[in-house]
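Residues per chain are reported as follows:
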Amino acid sequence: MKILFLDQSGKSGGAELCLLDIAKAYQKQCVVGLFEDGSFRSLLEEHQIPVQVLSRKPIQVRKDSSWRTGLSSLGQIIPLIARVIEISRHYDLIYANTPKALVVGALASLVSRRPLVYHLHDILSTEHFSPANLRLAVTLANRSALVIANSQASRSAFVAAGGRPEITEVVYNGFQPDHYRIENHSIRTELGLENRFIVGHFSRLSPWKGQHILLEALTHCPDVTAVFVGDALFGEQVYVEQLHRQVEELELGDRVRFLGFQSDVVPLMQACDLIAHTSTAAEPFGRVIVEAMLCGKPTIAAKAGGALELVNHAMNEWLVPAGDATQLAKMIHQIRQDWQGAIAIAHQAQTQASDRFHISQINQQIHQLLTQVMQDRCPLKQVV
Ligand code: UDP
Ligand code: GLC
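This paragraph deals with the site of ligand 2. Lining the immediate surroundings of ligand 2 are Gly-14, Ala-15, His-121, Asn-150, Asn-173, Trp-208, Glu-283, Pro-284, Phe-285, Gly-286 and Arg-287. A distance of 2.9 Å is found between an oxygen atom of ligand 2 and a backbone nitrogen or oxygen belonging to Gly-286. Contacts to ligand 2 include Arg-287, whose backbone N or O atom sits 3.4 Å from an oxygen atom. Alone, ligand 2 offers 310 Å² of accessible surface; in the complex the protein occludes 91% of this. Within the shell around ligand 2, the residues separate by chemical class into 4 nonpolar, 5 polar and 2 charged.

And the structure:
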C-alpha cells in the first residue's frame, strides 16, 4: 500500500510526532507532503522518510479564521491542490494529518479518485475553531473513507459537530516504551538544581497549554521548582513575554527555568520528580501525559478531554480541574505527603502504559484500518 501523507506544519508538534511514528512503518512506500518547510522536514529525513515541501510559504488561515480569510488564501491553496492531485496519482491513499491537509487532501481525492483518510488530532468545537472552519472540517471529514480520532474525546466532539460515527475509529498515539527509560544523572547538576523538588512542564508555550497555571501554583508551594520545556511554535510571543513578566511579578526567578524546545525530552523528564499537565481547554489526546507515565513519574493532568482516558484508575485522583492553580498546588502537596505511595502508583502506570500505548500494536491497528479502506475500495485486489 503506497501512502501520500499530508501535513500543514513545518514544526514538530504532537500531531507531527505521531505522524512520524506512523510513517516509519511505511518508509519505503510513502511520501510525506508538507505545506511548510521547517524542522519537521529534517526530522523526517533523519528517519529516512521521503518528504516533499509542497508550498513555498505557510497558508495564512488559522483555526479561528473567518471564511473571508479562507477565501483570500485560495490563490495559494489551488496550486497546492493541483500538486497534490498530481502526486497522489502515484499513491494508493491520501492520509491527511491536519485540518488544512484535510481541505487540500479532500479536494485532491475527488479528482484523483484516491481514498481519503483523516487523522483527527483536534477537538472540533468552537472553543478552538471558527464556526466556518468547523463546518468545513466536518463536511470534508465526512467525505473521507475513514476518520482516525486520537481519543474518544475527539471522536465525541466530531460526532456532536455532525461527524459520521460509522466512519470514525479511535486509535491512540503509539510510543516506544524503552526510549522513555533512558536516564542522564548529570542533568540536575548541569541545571544547578540538585536537592530541589522539581515539577516539570513539557509543552509548547501557548495560552491554552496553561504554563501560567503552574507558575501561579508555585506561589502556594514555596519549596518547589518548575522547569518548563518547550517553545512557542505558532507565534505565541505575547504569551511568552507574559510568562516572563509573571515570573518577575511573583518573584519566582530562583524557582523557575525555561529550557526552550528540546528534541529529546526524555532525559529532562527523568530528571524531574513530578510532571504537571495544565491545559486550560480539553486536550484532544495529550502525548506528554503518556510520556510522563512511561518515564515512571507521578503525573498530574488537567481533568478534561483525552486526559481522562489516558490515566489509569489509581491516577484518576491526581486529575485536577482545568485552569485551577489552587487545586494543582494542593495536589502537588498531597502527592509529596505520601511519596512512596505515589511512586508505587507511577510504576504501575508505567507498566500499564507500556502495554496500552505500545507503538507496535498501535501501528498494527492503523495498518488494519487502512487495509480495510483499500479492500472496501477494490474488493478483488489483495492489499500489501
Ligand atoms: N515536545 C518536544 N520538545 C519540547 C516540548 C515538547 O519534543 O521541547 C514534545 C512532547 O514530548 C510531546 C509533543 O511535543 O511528544 C507535544 O505533544 P502533545 O500531544 O503533548 O501536545 P501538542 O503540542 O501536540 O498539542
Ligand atoms: C494534537 C493535540 C494533542 C495530541 C496530538 C497527537 O497536537 O493537540 O492533544 O496529543 O495532536 O495526537
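Going through the model one piece at a time under the given rule, you end up with 9 aromatic pairs. Taking the centre distance of 6.5 Å and the plane angle of 15° together, the rings of Phe-175 and Phe-285 count as stacked. Linking Phe-175 in the loop between β7 (168–170) and α8 (187–191) with Phe-285 in the loop between β11 (274–276) and α12 (287–294), this pair joins segments that are 110 residues apart in sequence. Of the residues examined, Phe-175 reaches a relative accessible area of 1% and is grouped as buried. Within the aromatic cluster, the residues linked to one another by ring pairs are Tyr-172, Phe-175, Tyr-180, Phe-285 and Phe-357. Over the face of the ring belonging to Tyr-91 we find Lys-2, whose NZ or CZ atom lies 5.1 Å from the ring centre.

A few words now on the pattern of salt bridges. Enumeration over the complete set of coordinates arrives at 9 salt bridges. One salt bridge in this structure joins Lys-24 and Asp-21, with 3.1 Å as the shortest N-O distance. Residue Lys-24 and its partner Asp-21 are both found in helix α1 (residues 14–24); the two are separated by 3 residues, about one turn of the helix. Asp-21 gets classed as buried once you look at its relative accessible area, which sits at 17%. Measuring nitrogen to oxygen at the nearest pair gives 2.5 Å for the salt bridge that ties Arg-41 to Asp-37. On the basis of relative accessible area, Arg-41 is assigned to the partly exposed category, the value being 25%. Here the salt bridges share partners, and the residues they tie into one network are Asp-37, Arg-41 and Glu-45.

Rules used in this analysis
- Residues numbered from 1 in each chain as written.
- Chains lettered and ligands numbered in written order.
- Predicted model: local features only at pLDDT ≥ 70, side-chain atom pairs only at ≥ 80, totals over all residues.
- Heavy atoms only, no water.
- Near = heavy atom within 4 Å.
- Polar contact = N/O pair within 3.5 Å; in protein donor to acceptor, adjacent residues only side chain to side chain.
- Areas by Shrake-Rupley, 256 points an atom, 1.4 Å probe, with all protein chains shown as cover.
- Nonpolar A, V, L, I, M, F, W, Y, C, P; charged D, E, K, R; others polar.
- Phe/Tyr/Trp six-rings, centres within 6.5 Å; stacked < 30°, edge-to-face > 60°.
- Helix = DSSP H or I, 4+ residues; strand = E, 2+ residues; numbered from the N terminus.
- Buried < 20%, exposed > 50% of the residue type's maximum accessible area, 1.4 Å probe, protein only.
- Lys NZ or Arg CZ within 6 Å of the ring centre and 35° of its normal.
- Salt bridge = Lys/Arg side-chain N within 4 Å of Asp/Glu carboxyl O.

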